[in-house]
Amino acid sequence: MPALGRLAICLALLFAAYATGVSILGALRRRRHLVRSGEHAAYAVFALVVVAVAILLRALVQHDFSLEYVAAYSSSTLPLRYTVAALWGGQKGSLLFWAFMLTLFTTIVQLQNRERNRELMPWVTATLMTTAAFFLGLLTFVTDPFERLPIAAREGADLNPLLQNYWMTIHPPSLYTGYVSASVPFAFAIAALATGRLGDQWIRSVRRWSLFSWFFLTLGNLFGARWAYEVLGWGGYWAWDPVENAAFMPWLVSTAYLHSVMIQEKKDMLRVWNMVLVLLTFSLTIFGTFLTRSGVISSVHSFTQSGLGPFFIGFLLFVLVVAGGLLAYRLPELRTQATVESFLSRESAFLFNNLVLVGIAFAVFWGTVFPVVSEWVRGVKITVGPLFFNRVNAPLGIALLFLAGLGPAIAWRRASPPNLWRAFAGPVAAGLVAALALRLAGVPLGYAHSTFALGVFVLGTIVQEFWRGMRARQAMLHESPARALSRLVGKNRRRYGGYIIHIGVVAVFVGVAASSVFRVEVQQTLAPGQETAAGKFTLRYERITKQDDPHVSRLAAVVSVWRDGKAVTTLAPEKRFYKKPQQPTTEVAMRATLTEDLYLVLGSYDEQSGLVTILAYVNPLVSWIWIGGIVMALGTTVAMWPTPAERREPAYALGRVRAATD
Amino acid sequence: MLEKRRFIIGAVLIAGAVSYLIYAGVRTTSMYYFSLDEFLSSREAHADEDLRVKGWVRHGSMHWDPRTNDLAFELAHQDDSSPVPVAYRGVLPDMFSEGREVVIEGRYSGGRLAAHQIMTSCPSKYEPAKAGS
């Protein structure tokens, strides 16, 4: 079977190369049958990759330890869900998984566009298949997931215990979905540049794909943060590790694009800028993959150094040269006459928002590559830590939040004083009242205070938008408030979905600001029966408990918790000792509420004296980060939901899928 | 034209602010990241300065007191040569053990490194256990 898997990958590579060549040829010579042949080859690539994935999955589930990959990332005692997750738990599997997603999306794009965008499609196919060929080439020539061990292992080395966690089973697929689906807008951008069809057509065709990609990048980042929070045990959720930054940068640029593309649709401005953002988002996904696999930048949790770095850098350079060359070639045609008419306008608010987002992305990029750059330039490695990222990004984040309040309510073209008054009197007043109330409540001036007050301002503008829209419908159409509200959102899904996303963003900002500024951290060594205080909490260490099974042995400290003098719960932070990769891990115990999380870690235990060291963190408002994430996901779903007029098309595409699979 | 100029001023201000923040951030938070050899050859010049040093935990050098959370060990080459004593107070990282590659962040003074953070890498790949071990 494994030999068949390898054969499938080799064949897929050949078909991908064929699809690329024949599509370009068909486009240049205007031969329909060549273009169709390229598309059929792309379907074949997908089918072959599915075969390869199925064979690797089967080997994992059947514990075929004659395969190097299966022996390295799973074991016979690993629960089934983690055995399946091992498919993307290691480098080779994750590259295969990437190829799978990419060819799946290629198939969907082709089915969606069987009768549409016919001039663009050969170039779209060629671009996606070139990318697929790159990954398949790595799997064929450099890192073979079906590699056999000289002698089959009797037992596998098991998946890293840190990855044996619920969030870790869904974090990588979300992130890969976001990364890989960014290839679709990129492919359409390349197609637009190659054909010279630079109008709105390509942008409208990928609108939903851009949102889809952004949706999964958002989820992937949040799942990753959640995983770090629950598993790594240092009390936080974001450490500005290169791997985290690798996922954050494409998200930032993609966010910028989702805003600026509205300006292009409305005003036919920023064509070049939007093109650059799409190309940059894709390049950053490749760069991120490079970061996590090359070992060039030391990271706390990267894949081991693997020698894949040069291939990714090579591919990245290829992408930049081709995309940059095409862009330069079409630059005269891309330029438009339209310019910003007024400093006080929605256009300019959106542009500033774009500059800040790209500025943050650049700062993150610079901080991430700084060690490498300093080594090149000065011969010594100089690093910047989390402090750098926090210092740079806190003020930029505040600016962004302010613009998030400004953008949706300010008038297009030119805002007059009466317009400004009408749009902002209420929200600004709400923000000022909140600022004052927070000061009176004892919140010190600083980033957290500004974030809370600006958050109220942003919410004010959004509530006002919903309220006014609803009232207008009620007055004109005599609808009930609930009906008016649902119709309002239903008829303008993108706009109101966007506002809902902004509500989620405010929640995330508030959670991040509060937990960064007001977090309490206590480290205390305790004997049984001894107490310590952490913020409003009193903790009493009661006793140690031990448990042992073949997979893992556990050591737990039982801690009774009081808040403001009232007993609230008992928590039991653990140390676990995994037996197969012999490794201790920390199991956090948490009491999460809407106001604060009490986060306990068992630091150490002394067998002789019975003393334990407990680390306690009180992290205010962290729950709002996860709630904000859910709200953002809801808002994106609203914005992506097809309008009634569009709904016929997916059904049509679905019919095609059925026809193709019958 | 006036509007355009105002807009450009705004854009330049944002770009300037980003550049300044990056510049100031690097200046105030950057620190050297030395390999053990680089550290050994320049340690006197960088005494009492925050820095990071990468090395291996020397076999047989680790002393850990779970009652006081005092950790003492020697940072050395992979073959245990050229050791430098390290002192740390805090919770022992999960992945910390003798022979492992670590990065320590701290200051060098009086012939030893006072670490305030120890970073252990957690590779997601494990070598299969060797026969007999």
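### Concerning the overall build of chain A
Here is step 1: Of regular secondary structure, chain A possesses 21 helices and eleven strands.
Here is step 2: Restricting to contacts in chain A with at least 6 residues of sequence separation, those with at least 24 account for 72%.

### Points about the sheet that holds strand E10 (residues 596-605) of chain A
Residue and element names in this part refer to chain A.
Here is step 1: The strand order across the open sheet built from four strands is E2-E11-E10-E9, with neighbouring strands paired in antiparallel fashion. Every other strand in the sheet has two partners, leaving strand E2 (520-526) and strand E9 (589-592) as the edge strands with one partner each. Each strand axis lies, on average, 15° off the axis of its neighbour in the sheet, ignoring direction.

### Overview of the confidence of the model for chain B
All names here are of chain B.
Here is step 1: A residue-level look at chain B finds 89% of positions with pLDDT of 70 or above and a mean pLDDT of 84.
Here is step 2: Every residue in residues 123-133 is under pLDDT 50, and counting partners more than four places away or in other chains gives 18 contacts.
Here is step 3: Across the predicted assembly, pTM comes out at 0.92 and ipTM at 0.87.

### Some words on the interface of chain B and chain A
Here is step 1: Contact with chain B, which involves 34 residues of that partner, is made by 53 residues of chain A.
Here is step 2: At the level of secondary structure, the elements contributing two or more residues to the side of chain B that touches chain A comprise helix H1 (2-29) and strand E1 (31-35) of chain B.
Here is step 3: Tallying contributions element by element places H1 of chain B first for the side of chain B that touches chain A, with 14 residues.
Here is step 4: Partitioning the side of chain B that touches chain A into residue classes produces 20 nonpolar, seven polar and seven charged.
Here is step 5: As paired strands, strand E1 (residues 381-383) of chain A and E1 of chain B are joined by three bridges and run antiparallel to one another. Bridge pairing in E1 of chain B places threonine 383 of chain A opposite methionine 31 of chain B.

### Points about the domain arrangement of chain A
All names here are of chain A.
Here is step 1: Domains assigned within chain A are domain 1 (1-159) and domain 2 (520-623).
Here is step 2: The distance between the C-alpha centroids of domain 1 and domain 2 comes to 44 Å.
Here is step 3: On the side of domain 2, four residues touch domain 1, which itself brings four residues to the contact.
Here is step 4: A breakdown of the residues in the side of domain 1 that touches domain 2 according to their chemical character gives one nonpolar, two polar and one charged.

### Comments concerning the environment of alanine 24 of chain B
All names here are of chain B.
Here is step 1: Within the secondary structure, alanine 24 sits in helix H1.
Here is step 2: Judged by the 13 C-beta atoms lying within 10 Å of it, alanine 24 falls in the partly exposed class.
Here is step 3: Alanine 24 sits 60 residues away from valine 84 along the chain, and the two C-alpha atoms are 33 Å apart.

### Focus: the domain arrangement of chain B
Here is step 1: Taken domain by domain, chain B consists of domain 1 (1-30) and domain 2 (32-120).
Here is step 2: Computed from C-alpha atoms alone, the centre-to-centre distance between domain 1 of chain B and domain 2 of chain B is 40 Å.

### With respect to helix H14 (residues 346-378) of chain A
Here is step 1: Maximal helix bending in H14 of chain A amounts to about 55°, located at phenylalanine 370 of chain A; proline proline 371 of chain A follows within four positions.
Here is step 2: Once H14 of chain A ends, the next one or two residues include glycine 379 of chain A, with phi positive near 80°.

### Some words on the nonpolar core
Residue and element names in this part refer to chain A.
Here is step 1: Membership of the largest hydrophobic core comes to 200 residues, with the highest contact counts inside it found for Val45 and Ala99.
Here is step 2: Considering every element that reaches this core, the biggest residue donor is helix H10 (residues 207-232), with 15 residues.
Here is step 3: Discounting chain neighbours no more than four positions away, the residues touching alanine 99 are Val49, Ala132, Phe135, Leu136 and Leu139.
Here is step 4: Grouped together as the second largest cluster of nonpolar side chains are 24 residues, Tyr599, Leu602, Val612 and Ala616 included.

Thresholds applied
- Residues numbered from 1 in each chain as written.
- Chains lettered and ligands numbered in written order.
- Predicted model: local features only at pLDDT ≥ 70, side-chain atom pairs only at ≥ 80, totals over all residues.
- Helix = DSSP H or I, 4+ residues; strand = E, 2+ residues; numbered from the N terminus.
- Contact = placed C-beta atoms within 7 Å.
- Pairing = 2+ DSSP bridges.
- Axes fitted to C-alpha atoms, helices over the stretch in contact; angles between N-to-C directions.
- pLDDT = per-residue confidence, 0-100.
- Nonpolar A, V, L, I, M, F, W, Y, C, P; charged D, E, K, R; others polar.
- Domains from an automatic or database assignment.
- Buried ≥ 20, exposed ≤ 12 C-beta atoms within 10 Å, placed from the backbone.
- Bend = angle between axes of the 7 residues up to and from the residue.
- Core = buried A, V, L, I, M, F, W, Y, C linked by C-beta atoms within 7 Å.

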